[in-house]
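# Structural overview for review
Each chain, written out:
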Amino acid sequence: MFFDVLLHLGTLASIFIVYWQDIKDMFYEVISFANLGPLAGQPRERYPQARTFLMIVMATLPLVLILPINDMIETLYYNNVFIGVAIILTGCMLYVSDRMRPGKKTERSMTILDAVIIGLCQCVATIPGLSRSGTTITAGIATGLRRDFAVKFSFLLSIPAVLGANILSLADAFREGINWASVPAYLVGMVVAMLSGIAAINLLKFISNKGKFGGFAYYCWVMGVLSIVLYMIF
């Protein structure tokens, strides 16, 4: 469990590295907002990153709905057929997102309703096999977000979700016990997760700029079907 937590922290670090400038801008604009008064009294264009922070908060709040059923969701991690079907559904979502009309909304024009819808879809994506990023990116495009902004918002939105989940998991890991002799190997895994996360995010950004997620859709379909077939065979 401790190794699993470190792997997630590695991928979280990759998001900080790729989007460091955006995170830093959000921090500075939120501080400025706190010093200058209500954001509603300022032109929307003056604090776009502070608005992004607000939208992330609003999209994160629906995760509270998952807490009462979290144990039931975790039991699905042992159902390989269910996970295979969920991976296929992820492919379907990405395929549909390619055929949606491109939106124009960015951090300057995104609404709280858009954020809540994306947040509710993130709740659904806690189901194992559904891609959190794929689900939230598709939801973002469906609400009219510009494709590249939908990708950025999805990854920034993962920061509080992944951080919160790992804090809870870390407490469980310490209760379960940690093999400290294996920690150096764990740290190697964490670094590899970080580097592969950076590569994956940059690849996804490149693909989103080209306007096509179809390759990911076909990959999900193949892997979903393969996982179900192999489970039934073995």
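So, here's what we can say about the structure. For clarity, every value in this text was computed on a predicted model and none was experimentally measured.

### Quick word on helix α1 (residues 2–18)
Taking 1.5 Å as the rise per residue, α1 with 17 residues should run 24 Å; its terminal C-alpha atoms sit 25 Å apart, in good agreement. All of the buried residues in α1 are Phe-2, Val-5, Leu-6, Gly-10, Leu-12, Ser-14, Ile-15 and Val-18.

### Comments concerning the pattern of salt bridges
Inspection of the entire model under this criterion finds 5 salt bridges. Here Asp-98 ties to Arg-147 by a salt bridge, and the two come within 3.7 Å at their closest N and O atoms. With Asp-98 in helix α5 (residues 80–98) and Arg-147 in helix α8 (residues 147–176), this residue pair connects regions lying 49 residues apart in the sequence. The burial state of Asp-98 is the same as that of Arg-147; both residues are buried. Residues Lys-105 and Asp-114 are paired through a salt bridge, measuring 2.9 Å at the closest nitrogen-oxygen approach. Of the residues examined, Lys-105 reaches a relative accessible area of 25% and is grouped as partly exposed.

### Brief notes about the layout of surface pockets
Its boundaries defined by the atoms lining it, the second largest pocket holds a volume of some 250 Å³. If you list the elements that add at least two residues to the lining of the second largest pocket, you get α2 (20–36), α3 (48–60) and α8. Among the residues making up the lining of the second largest pocket, the classes are represented as 11 nonpolar, 1 polar and no charged.

Conventions and cut-offs
Residues numbered from 1 in each chain as written. Predicted model: local features only at pLDDT ≥ 70, side-chain atom pairs only at ≥ 80, totals over all residues. Heavy atoms only, no water. Helix = DSSP H or I, 4+ residues; strand = E, 2+ residues; numbered from the N terminus. Expected span 1.5 Å × (residues − 1). Buried < 20%, exposed > 50% of the residue type's maximum accessible area, 1.4 Å probe, protein only. Salt bridge = Lys/Arg side-chain N within 4 Å of Asp/Glu carboxyl O. 1 Å grid on protein atoms, 1.4 Å probe; cavity = no way out; pocket = protein on both sides within 12 Å on 5 of 7 lines; lining within 4 Å. Points joined across faces, edges and corners; volume = space filled by probe spheres on them. Nonpolar A, V, L, I, M, F, W, Y, C, P; charged D, E, K, R; others polar.

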